[in-house]
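# Breakdown of the fold
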Amino acid sequence: MKKQRLVIRTLILLVLGAAVVYTLYANFTKDDQQTLAVGSKAPDFVLTDMQGHKHRLSDYRGQGVFLNFWGTWCPPCKQEMPYINNQYQQFKNKGVQVLAVDIQESPLAVNEYASRYNLNFPIMIDTDKEVMTAYGIDPLPATFLIDKNGNVVKYYTGSLSENMVREFMEKIKP
């Protein structure tokens, strides 16, 4: 009986030890997602918007880009989208472009959302999370301000007020 308890205790200790070793190994070898640093070059990408038009970030060189990552399920995103749309109307003829990147949702859900809020800027879906990963996004909403030379001017995560959106667009206006 004592021998059987000793064997069981030893097995439990071995399993626990293996779990600790695995956890330490996983934490030290994982690829930490890093948000782009201010001043760094924004990674180029190509995504297709809801109307079928391709958008390449580098095609907007010479303009300021308000790059917003969002989701239809995200309450702060719902709050800020009308503000972004309002300010886009004010700044689109002043050299500021809005690119909204939805993360992995269906085109039906995104189109319904865009229609409900009367959104007029290009909306794309990052179906494979490639752009999200390249920019190190976590959590949503996340906004990158990119200047006319393609450099990151600011990174902001969280809900935006209309005044903040206006200030941000003013900051990247060429």
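Going by the structure above, here's the rest.
All values reported here derive from a predicted model rather than from experimental measurement.

Now for the nonpolar core. If you look at the biggest cluster of nonpolar residues, it comprises 24 residues, and the most contacted ones within it are Phe66, Trp70, Phe121, Ile123 and Met169. Among the elements that make up this core, the one with the highest residue count is helix H2 (residues 75–91) (5 residues). Core analysis: the next-biggest nonpolar cluster, separate from the first, contains 22 residues, Leu47, Leu99, Tyr135 and Ile137 among them.

Within this structure, the stated rule accounts for 9 aromatic pairs. Ring centres 6.2 Å apart and planes at 80 degrees place the aromatic pair phenylalanine 69 and phenylalanine 144 in the edge-to-face group. In this pair, phenylalanine 69 sits in strand E3 (residues 64–70) while phenylalanine 144 sits in strand E6 (residues 142–146), placing the two residues 75 residues apart along the sequence. Ring centres of tyrosine 88 and phenylalanine 121 lie 6.0 Å apart, and the angle between their planes is 85 degrees; this geometry places the pair in the edge-to-face category. With tyrosine 88 in helix H2 and phenylalanine 121 in the loop between helix H3 (107–116) and strand E5 (123–126), this pair connects stretches of sequence that are 33 residues apart. Each member of the pair, tyrosine 88 together with phenylalanine 121, is buried. Ring-pair connections join several aromatic residues into one group, and the members of that group are Phe45, Phe69, Tyr135, Phe144 and Tyr155. The positively charged end of lysine 94 is found above the aromatic ring belonging to phenylalanine 91, 5.2 Å away from the centroid.

What follows covers the pattern of salt bridges. Counting across every chain of the model gives 2 salt bridges. Notably, a salt bridge pairs aspartate 44 with arginine 56, separated by 4.0 Å at the nearest N-O pair. Taken together, the residues aspartate 44 in the loop between helix H1 (2–29) and strand E1 (46–48) and arginine 56 in strand E2 (residues 54–56) connect sequence positions 12 residues apart. A relative accessible area of 37% means that arginine 56 is categorised as partly exposed.

Reading guide: rules and limits
- Residues numbered from 1 in each chain as written.
- Predicted model: local features only at pLDDT ≥ 70, side-chain atom pairs only at ≥ 80, totals over all residues.
- Heavy atoms only, no water.
- Core = buried A, V, L, I, M, F, W, Y, C linked by side-chain atoms within 4.5 Å.
- Buried < 20%, exposed > 50% of the residue type's maximum accessible area, 1.4 Å probe, protein only.
- Helix = DSSP H or I, 4+ residues; strand = E, 2+ residues; numbered from the N terminus.
- Phe/Tyr/Trp six-rings, centres within 6.5 Å; stacked < 30°, edge-to-face > 60°.
- Lys NZ or Arg CZ within 6 Å of the ring centre and 35° of its normal.
- Salt bridge = Lys/Arg side-chain N within 4 Å of Asp/Glu carboxyl O.

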